[in-house]
Amino acid sequence: MSISNRDGNFSIYAERSDTLILTAIGFKDFVVTAYDIFTTQGPLVVVMQPATYAISEVIIHPLGTYDQFKRKFLALKLPPPIDYNALLGFQRPVKPLIPVEYNYKIVRNPLYAIAHPVTYFYKRFNKEEQMKINYYRFFTEEWPIIEAIEKKYNGKKVAELTGLEGEHLVEFMGFCQFERNFLYTTSEYDIGIAILEKLKEFQDLPGKE
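Just so you know, these numbers come straight off a predicted model, no measurement behind them.

Colleague: It is not clear to me how the overall build of the protein should be interpreted in this structure. Could you clarify?
Modeller: Scanning the protein from N- to C-terminus turns up 11 helices and 2 strands. Listing the helices and strands of the protein from first to last along the sequence gives β-β-α-α-α-α-α-α-α-α-α-α-α. Sequence-distant contacts in the protein: of pairs separated by 6 or more residues, those separated by 24 or more amount to 46%.

Colleague: Would you mind going over a nonpolar patch on the surface with me for this structure?
Modeller: On the surface, Phe 69, Phe 73, Leu 74, Leu 76, Leu 78 and Val 118 cluster together into a nonpolar patch covering about 630 Å² of accessible area. When residues in the nonpolar patch are grouped by element, the largest group, 3 residues, is from helix 2 (residues 66-74). The exposure class assigned to Phe 73 is partly exposed, which follows from its relative accessible area of 37%.

Colleague: Please explain the side chain of Gln 130 as it appears in this structure.
Modeller: With respect to the secondary-structure elements, Gln 130 resides in helix 7 (residues 127-152). Judged by its relative accessible area of 12%, Gln 130 is buried. Dropping the residues within four chain positions of it, Gln 130 is found in contact with Arg 108, Lys 123 and Arg 124.

Rules and cut-offs
Residues numbered from 1 in each chain as written. Predicted model: local features only at pLDDT ≥ 70, side-chain atom pairs only at ≥ 80, totals over all residues. Heavy atoms only, no water. Helix = DSSP H or I, 4+ residues; strand = E, 2+ residues; numbered from the N terminus. Contact = heavy atoms within 4.5 Å. Patch = residues over 30% accessible without salt bridge, like charges linked within 9 Å, V, L, I, M, F, W, Y side chains within 5 Å. Areas by Shrake-Rupley, 256 points an atom, 1.4 Å probe, with all protein chains shown as cover. Salt bridge = Lys/Arg side-chain N within 4 Å of Asp/Glu carboxyl O. Buried < 20%, exposed > 50% of the residue type's maximum accessible area, 1.4 Å probe, protein only.

Listed below in structure tokens is the structure:
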């Protein structure tokens, strides 16, 4: 994971076969492969599409002075926590993998914003809270997929199939450019066939043996 500065500049270690997911508040996620970045002449310009959300009508009240706002805030009587699993018809797991307060599907839901407006905006715009939410989202959704792919497609298995080593192996894996969904949903046997087919194309390139 890496966070950019105000100008959008960032650095991250990546292999040619890696996939980068760029995110920004208010915009849709942008997916780009490290291979595209390596092969682009000059800087890669990324244009992100705005993300729009439909929300219900809200009423804004003036806050008054800081002391008045502070007294009103401290005097708030918060409602009991809402069981969103029951509300949505889901059974609550005995030991959830992700705390409810960091489940992005819940804290970014309009119902949560209505019930907990202060907490909602705090979790949406506080960098530390955003990092926690992104961590649990990665841990519960992305990491299992990565692990499943790594077991079927990795440098050791590709080397055993192709006989390639070192820089040739790295270059070949960058050449393959298999889509993530293909690697996740395809059997190891069919992936092996696809690797051997790619090997023939790779060896036919000018200057390759």
